[in-house]
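# Coordinate analysis (summary)
Listed here are the chains, written in short residue letters.
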Amino acid sequence: MNIDQLMDSLTRDEKIALVSGADQWHTKGLPHLNIPAIMVADGPHGLRKQDAQGDRLGIGDSKAATCFPAAATSANAWDPDLQYAMGQAIGEEALQEGVAVVLGPGVNNKRSPLCGRNFEYFSEDPWLTGELATAWIKGIQAVGVGACIKHFAANNQERWRMLNDSLVDERALREIYLAAFEKAVREAQPWTVMPAYNKLNGMYCCENPELLDSILRKEWGFTGATISDWGAVNDPTLSIKAGLDLEMPASWGTSAAQVRQDLSSGRLTEEELDRSVKRVLELVMRSKAQKQKSNCDLEAHHALARRIASESAVLLKNEDNILPLAQTQSICVVGQFAEHPRYQGTGSSLIHPTRLDTVLGLLESGEVEVDYTYAKGYELEHDGINEVLISEACEAAAKADVAVIFAGLTPRFESEGYDRTHLDLPPSHQELISRVAQANPNVVVVLSAGAPVTMSWLDKVKGVLHTYLGGQGGAGASLDLLYGKINPSGKLAESYPLKLDDCLAMEHFAEDRNYTEYRESIFVGYRYYDAAEKDVLFPFGFGLSYTEFAYEDLVLSKHGEPETLHVQCTVRNIGSRAGAEVVQLYVGKSDSVLFRAVRELKGFHKIHLEPGESRKVEFVLGGRAFAYYNVEIGDWHVEPGEYQISVGTSSRNLPLSGTVQIESRLSEVKVPDYRASIPAYYHLNDANTRISQADFQTLYNREYPQAYQGPERFHNNSTLQDLGVTLLGRLVLAFAKRYLWKMTGAKDENDPLWIMSWTSTLEMPLRSIVPMSGGAIPARFVRGLLSWVNGHRLKALRMWIFS
Ligand code: BGC
């Protein structure tokens, strides 16, 4: 039967069943119609296949799969081909396990370095993210497994993630927060898109027709299915109307009841439901058409994971060319990360690796023949300073030629479900580095962290190799880089501020549960630091190599119709080692009446060069590379005039630059000029500039959301924490706490699994309890709870006892 025939054969109840999950991970199967249940699973840095009742949040186990470097890591390779290869490998493992769709990639643009989930996202730059995500999606879909690009959209904080409303002005939304989604959807057509938990400009993403229909489908031409983030559906009927196709996970009958009722009352039409049913069927049929692969080459996938880790590590400092190390030097390996690597983040992306290399294990096995000692340096269970371990480390380090300290953020510091509160390393790691550096002048720090950190100790050490979260092969990659078997070529995909306060977005980050004003508009990451002329610890695009590259001969020429700008230059390896360079191209327009970033990344190429070798690199820039989003015409627009083109090795080291005159197809369009109305956006380099709420409101130009004004004290979007002011609420929380202790197996309140699950529980809106508990807490219990805390006790009792 084709899909139209199937649609005709479905009863109304079957249709309603199809738009909601059957359990945590499956769609509803209808065997009598030969409609199978398909399985979706996390990702995105490997396959996280749990059983049907799985808990999602990384608490329960999952099938072993290759754990690739997290997106924050692999982004530093600036290499779409590697992303493609990773997508393909994950797809092969998914096929083997009968998984139809992998829930990734995560492409949210990093707004604040504190977002707990930044390790799952690529970059602070939408161009870079868009290129990498597009390649990943093409890779996984090439083997017949669907991608699910997430979290659509402006999902930039974990605090109150299921309730928060991101207030983003239209231009920033298009240029910063939607641009990577747009590119990936247009160019890679992911099978599915995951609308996010949060609201965007007053509406839940899952029930936002502008996002799900006007932009995603009508403008970008998306033809796949939308799948809600887990437990994100607020009102199932509004969601279907807006263009959400599949609610996940199962709502255990609650949504079905509502949809049935709304179909009867006419609040939802049969056509609206059919639209979603059809897309779910298309997704199921697409998956069904794929052949299961019998055997993945897990060895090859491990080698790929290691290779990606080695291409992604960023050499941040190399004083006196302390790196690469020579095997003749004795080393003292310091820090338990050498034994228990920090190689991935906590939460739904947690992978159970097929194997896990460790630096100590590899040294023991003779992978690098070197005279080494080992000192633990710090405890893993907590982040407090351990004087005994530090003294042992100093003593051992003093006897070696070089001390290599493995340090970074412990899992408590970054996770799904909660945000970081500062940028510092744990006190135990900071103290260890400073003290070992007093014992031995030759210190190299190998950092593991999924997001920017401050480095108060930077002046005291000679080398810093940042490996981010390197996946299961990360340890081998570190050794390859430390010993020069591979020349570091990673470049930071995000800026490292000197201090948290330097980041403009931090002025309004997760401070209010109802909404977050994105007052900084387009000034995110380097776009802000450059406009504000602020020094940074390390700029976007930065990364050292064991060799050096010279940039020569910039040539700009225009070709064709529609006209494109060709930018050519020559890059020469002037050092004595082979190496790779990421050649970066930025575009700026300094004389615009519109406020703009000083420069924006609009192209990059990664090239490998032998010593002395040179290569011509060419970029072809189309209209989009020069366009801003014009809110007046509701479209992209190229402002005619002079543009600055710069090429180089980081956003702050651009040895080649030139200017070019660009024409506009729409030269009659007026470029918005806010110089008189909101001058603050033009003067970010003035330390006294503040973007006031009035400034932002002028730009935002929409109503601010109203706080809940319903008749009852508590409602469906009250959280369990809100209910804590009532006796019953406290009892429920106490019960939940006991249950979570057991379920997570956490030893103390510092365990990241504990922090994540407890925070998620406190911040969970009542409406999500049924799906998020996997149906263990029934709807009548939640409804009764709500009635009780609102003072309708008889009604509550009736619900608990009779319904
Ligand atoms: C996360 C998603 C994830 C889903 C399923 C949600 O809590 O936000 O990224 O794919 O759970 O585990």
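An account of the accompanying structure is given in this report. (Residues numbered from 1 in each chain as written. Predicted model: local features only at pLDDT ≥ 70, side-chain atom pairs only at ≥ 80, totals over all residues. Heavy atoms only, no water.)

## With respect to unusual backbone geometry
- Pro-105 follows Gly-104 through a cis peptide bond whose omega is 5 degrees.
- Within the element layout of this structure, Pro-105 appears in the loop between strand 3 (101-102) and helix 5 (126-142).
- Following Met-248, the chain continues into Pro-249 via a peptide bond in cis, with omega recorded as -10 degrees.
- Relative to the helices and strands, Pro-249 is located in the loop between helix 9 (236-242) and helix 10 (254-265).
- Non-glycine residue Ala-510 carries a positive phi angle of around 50 degrees.
- By secondary structure assignment, the location of Ala-510 is in the loop between strand 17 (496-497) and strand 18 (515-517).
- Among the residues examined, Ala-510 registers a relative accessible area of 16% and is labelled buried. (Helix = DSSP H or I, 4+ residues; strand = E, 2+ residues; numbered from the N terminus. Buried < 20%, exposed > 50% of the residue type's maximum accessible area, 1.4 Å probe, protein only.)

## A look at helix 23 (residues 779-789)
- Among all positions in helix 23, only Ala-779, Val-782, Gly-784, Leu-785, Leu-786, Ser-787 and Val-789 are buried.
- Tucked into the core, helix 23 has its buried residues touching helix 10, helix 19 (720-723), helix 20 (727-744), helix 22 (769-772) and helix 24 (793-802).
- With its phi angle positive at about 95 degrees, Gly-791 sits one or two positions after the end of helix 23. (Contact = heavy atoms within 4.5 Å.)

## Regarding the packing of helix 5 against helix 7 (residues 179-188)
- Look at helix 5 against helix 7: their axes get within 8 Å of each other, and the N-to-C directions meet at 35 degrees. Relative to helix 7, helix 5 is oriented so that their crossing is right-handed. Packed against helix 5, whose contacting residues are Pro-126, Thr-129, Gly-130, Glu-131, Thr-134, Ile-137, Lys-138 and Gln-141, the element helix 7 presents Ala-179, Ala-180, Lys-183, Ala-184, Glu-187 and Ala-188 at the interface.
- Split by residue class, the contact of helix 5 with helix 7 holds six nonpolar, four polar and four charged. (Axes fitted to C-alpha atoms, helices over the stretch in contact; angles between N-to-C directions. Left-handed = near helix turned anticlockwise from the far one by under 90°. Nonpolar A, V, L, I, M, F, W, Y, C, P; charged D, E, K, R; others polar.)

## Some details on the packing of aromatic side chains
- By the definition in use, this model includes 25 aromatic pairs.
- Ring centres of Tyr-177 and Tyr-518 lie 5.2 Å apart, and the angle between their planes is 75 degrees; on these two criteria the pair is classed as edge-to-face. Residue Tyr-177 is located in helix 6 (residues 170-177), and its partner Tyr-518 is located in the loop between strand 18 and helix 17 (526-531); the two are separated by 341 residues in the primary sequence. Accessibility assignment for this pair places Tyr-177 and Tyr-518 in one class, buried.
- One aromatic cluster is present, formed by Trp-78, Tyr-526, Phe-540, Tyr-586 and Phe-604 through successive ring pairs. (Phe/Tyr/Trp six-rings, centres within 6.5 Å; stacked < 30°, edge-to-face > 60°.)

## Some remarks on the sheet that holds strand 27 (residues 641-648)
- The strand order 23-22-27-28 describes an open sheet built from four strands, whose pairing is antiparallel. At either margin of the open sheet sits one strand with a lone partner, and together these are strand 23 (600-609) and strand 28 (656-662). Ignoring which end each strand starts from, the neighbouring axes of this sheet average 20 degrees apart.
- Inspection of the sheet shows strand 27 paired to strand 28 by seven bridges, in the antiparallel sense. Paired with Ser-646 across the strands is Ser-657, a residue of strand 28. (Pairing = 2+ DSSP bridges.)

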